[in-house]
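Examining the three-dimensional arrangement
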There are 2 protein chains.
Amino acid sequence: MTLRSFSSGDFIGREGRSASTCAVLTRGFAVRQKLTGSGDRQIVSLHGPGDALNFQNAFLGVPDYDIRSVEDCVASFVDASAIRALAAERPAVARSLLISAFTEASTAREWMLNLGRRNARTRLAHFLCEYLDRISLQGHPADGKYELRLSQEQIGDATGMTAVHVNRMLKALQTETLIKQLGRFISVPNMYALMDAGEYNPRYLHLQESNA
Amino acid sequence: MTLRSFSSGDFIGREGRSASTCAVLTRGFAVRQKLTGSGDRQIVSLHGPGDALNFQNAFLGVPDYDIRSVEDCVASFVDASAIRALAAERPAVARSLLISAFTEASTAREWMLNLGRRNARTRLAHFLCEYLDRISLQGHPADGKYELRLSQEQIGDATGMTAVHVNRMLKALQTETLIKQLGRFISVPNMYALMDAGEYNPRYLHLQESNA
DNA sequence: CGGGACTTTGACTTCGTTCAACCATAGTGG
DNA sequence: CCACTATGGTTGAACGAAGTCAAAGTCCCG
């Protein structure tokens, strides 16, 4: 097991090149992304400390996505073969890998619904809810001000819109007093109102949930 | 293990209600779908004979999607607890469940890219490629005419557009001679041209692929 | 103080939706 | 056998949400 540091914007893993190693994010914030033929970017998931970034490397061939740090990060790497061996020897490990893989798929489905069938305002509100939930796992700030660690461009890449439109929709949510923005920080006066605007129900994240 | 038959449009499984059983599709064609608050539908995956429809029921709580037959179907049901037991006792079973779960997630990511960052024409071409690949697993028709088993409305629900626009884009693909439409059947004069138009690379399906 | 990255704003364009009408086909019952 | 209905496909015109382009504005950091 090796630790490696990355600075903002670095690739922690790359699409297309077979990788014989799996990574867990131990510090910082990272995303998975894919590119279209014309170079447009789609962010397909958000990751904080503790998240497995690419355990599929232990079971599938070449990865289908890039992993990119959004701020300075530390990740710890383990041989894919070690993960495979562990999964084969310890049913509990296999089980927790399964839970995490199914949860990833579930989150992906919610994102598909978001991208395919909701308008920009709802989509953005939904994204903010998931983002806040995710970074809240690392503790709520005392003053209720969450740092928005993604640029508006990156938020656009996650929600399928342009940076300009993200800006306008953030403004719209602000005039509705669903969020308050102070530079790179936002606070949410009424979380339930924002969840409502984003049709957000965190059930799909399957947090600490599982069957006997 | 029980067999059950469904007619077109039936729910094989439903979102939100905890299910203690897992299903494999044995005949027909089905989709998974999710609904927005306003009732708009998003189809999130396609399934043919042999596909596991909801093995996540064995490891997660309530399902996050509906499963609906698109034509007459037969599915075979197994107790979720039996799947759990098998996965715990037989590493090879756990491993194949993992491969299938990771593959599902991979496909979902490609759909996200499609929905979020590609225009209607490319999106539709991509969808057709995946659809044809999927039904080709059941054998190619001798005359090269594939039955389009989804209505234009359903194709729209899968690609995030309206039925009207699906119609127009199908027409567009036809005038480009990327496809030929004859009623409910289509043929593809040059598969590579269509794949190119849809930026389609089936790698993400991870067909019969895996790591040692 | 200057430069770079990010945000904000406005004017204009475009892609896809909406609405409405019409057509085609297949199934049903008299 | 034929009217009758239902479902799905086709087409056009008008509209609107989001994209594009371009110019300022802000903030941070060296």
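In this report, the structure presented in the accompanying data block is examined. The model shown is predicted, which means the values in this text are computed figures rather than measured ones. Per chain, residue numbering runs from 1 following the sequence as it is written. All chains are assigned letters beginning with A, and all ligands numbers beginning with 1, in the order in which they are written. Given that the model is predicted, a residue must reach a pLDDT of at least 70 before its local features are reported, and side-chain atom pairs must reach 80 or more before they are shown or counted; all residues, however, enter totals for whole chains, interfaces and linings. With hydrogens and water stripped out, all remaining heavy atoms of the structure feed into the side-chain values.

1. Some remarks on the overall build of chain A
Of the regular secondary structure elements, chain A holds six helices and 10 strands. Here the radius of gyration uses the C-alpha set of atoms, whereas the globule reference equals 2.2 Å times the residue count to the power 0.38. Taken over C-alpha atoms, the radius of gyration comes to 18 Å for chain A, in line with the 17 Å a tight globule of 212 residues would show. Dimensions of chain A along its principal axes, counting C-alpha atoms only, are 55 × 45 × 35 Å. Buried residues are those whose accessible area, probed at 1.4 Å on protein chains only, stays under 20% of the maximum for their type, while exposed residues exceed 50% and partly exposed ones sit between those limits. Classification of the 212 residues of chain A by burial places 53% in the buried group. In this analysis, two residues are considered to be in contact whenever any of their non-hydrogen atoms come within 4.5 Å of each other. Across chain A, contacts joining residues at least 24 apart in sequence account for 70% of those joining residues at least 6 apart. Note on areas: Shrake-Rupley, 1.4 Å probe, and residue coverage restricted to the protein chains presented here. As presented, chain A carries roughly 9,000 Å² of accessible surface, and 50% of it is formed by carbon and sulfur atoms. Computed over 24 positive and 22 negative side-chain charges, the separation of the two mean positions in chain A equals 1 Å. Numbering of helices and strands starts at the N terminus; helices are DSSP runs of H or I of at least 4 residues and strands are runs of E of at least 2. Only four residue types enter the charge count: Lys and Arg as positive, Asp and Glu as negative, with His and the chain ends excluded. Charged groups are reduced to one reference atom each: NZ for lysine, CZ for arginine, CG for aspartic acid, CD for glutamic acid.

2. With respect to the protein's contact with DNA strand C
We call a residue near a given molecule or strand whenever any one of its heavy atoms falls within 4 Å of it. The local shell around DNA strand C holds 14 residues, among which A:Gln152, A:Asn167, B:Ala120, B:His165 and B:Arg168 are the closest. Backbone atoms, meaning sugar plus phosphate, form 68% of the atoms of DNA strand C positioned within 4 Å of the protein. Residue A:Lys171 places a side-chain N or O atom 3.2 Å away from a phosphate oxygen belonging to DNA strand C. Between DNA strand C and B:Thr162, the relevant distance is 3.1 Å, taken from a phosphate oxygen to a side-chain nitrogen or oxygen of the residue. A per-element tally of the surface near DNA strand C places helix H5 (residues 163-175) of chain A first, with four residues. Asp, Glu, Lys and Arg are counted as charged, while Ala, Val, Leu, Ile, Met, Phe, Trp, Tyr, Cys and Pro are counted as nonpolar; the rest, among them Gly, fall into the polar class. Tallied by class, the residues present in the surface near DNA strand C amount to four nonpolar, seven polar and three charged. The definition of a polar contact used here is a pair of N or O atoms within 3.5 Å, where within protein one atom must be able to donate a hydrogen and the other to accept one, and adjacent residues in sequence count solely through side-chain atom pairs.

3. Some details on the pattern of salt bridges
Salt bridge, as applied in this entry: a Lys or Arg side-chain nitrogen positioned within 4 Å of an Asp or Glu carboxyl oxygen. Counted according to the given criterion, the structure contains 28 salt bridges over all chains. In this structure, B:Arg203 and A:Glu15 form a salt bridge, with 3.5 Å as the shortest nitrogen-oxygen distance. Of the two residues, B:Arg203 is situated in the segment after helix H6 (191-197) and A:Glu15 in the loop between strand S2 (11-13) and strand S3 (21-27); the pairing between them involves two chains. With relative accessibility at 27%, the residue A:Glu15 sits in the partly exposed group. Across the pair B:Asp64 and A:Arg109 runs a salt bridge whose closest N-O atoms are separated by 2.8 Å. You can see B:Asp64 sitting in the loop between strand S5 (41-47) and strand S6 (66-69) and its partner A:Arg109 sitting in helix H2 (residues 91-117), one on each of two chains. By relative accessible area, which is 3% here, A:Arg109 ends up buried. A single salt-bridge network, built from bridges that share partners, covers A:Arg32, A:Lys34, A:Asp64, A:Glu104, B:Arg109, B:Glu110, B:Arg118 and B:Glu199.

4. Here we look at the environment of B:Ala193
Residue and element names in this part refer to chain B. Looking at where Ala193 falls in the secondary structure, it is placed in helix H6. Relative accessible area serves as the criterion here: at 27%, Ala193 is assigned to the partly exposed category. Separated by 81 residues in the primary sequence, Ala193 and Met112 place their C-alpha atoms 23 Å from one another.

5. Things to note about the interface of chain B and chain A
Buried accessible area, meaning the area lost when the parts come together, often serves as the stated size of an interface. Contact with chain B, which involves 56 residues of that partner, is made by 56 residues of chain A. Each of two parts loses accessible area, computed with a 1.4 Å probe, when they are put together; buried area is these two losses added. Carbon and sulfur atoms supply 63% of the area buried between chain B and chain A, which totals about 4,900 Å² over both sides. Among the residues chain B hides against chain A, the three largest losses belong to B:Phe102, B:Arg109 and B:Arg117. Together they make up 17% of the total. Counting across the chain B and chain A interface gives 10 salt bridges. For A:Asp157, the salt bridge goes to B:Arg117, with nearest N and O atoms at 2.8 Å. Taken together, the connections running from chain B to chain A amount to 18 residue pairs in polar contact (both at pLDDT 80 or more). Only strand S4 (30-35), S5, helix H1 (80-89), helix H2 (91-117) and helix H4 (152-159) of chain B provide two or more residues apiece to the side of chain B that touches chain A. Here the side of chain B that touches chain A takes 21 residues from H2(B), the largest share from any one element. Among the residues forming the side of chain B that touches chain A, the class breakdown is 24 nonpolar, 15 polar and 17 charged.

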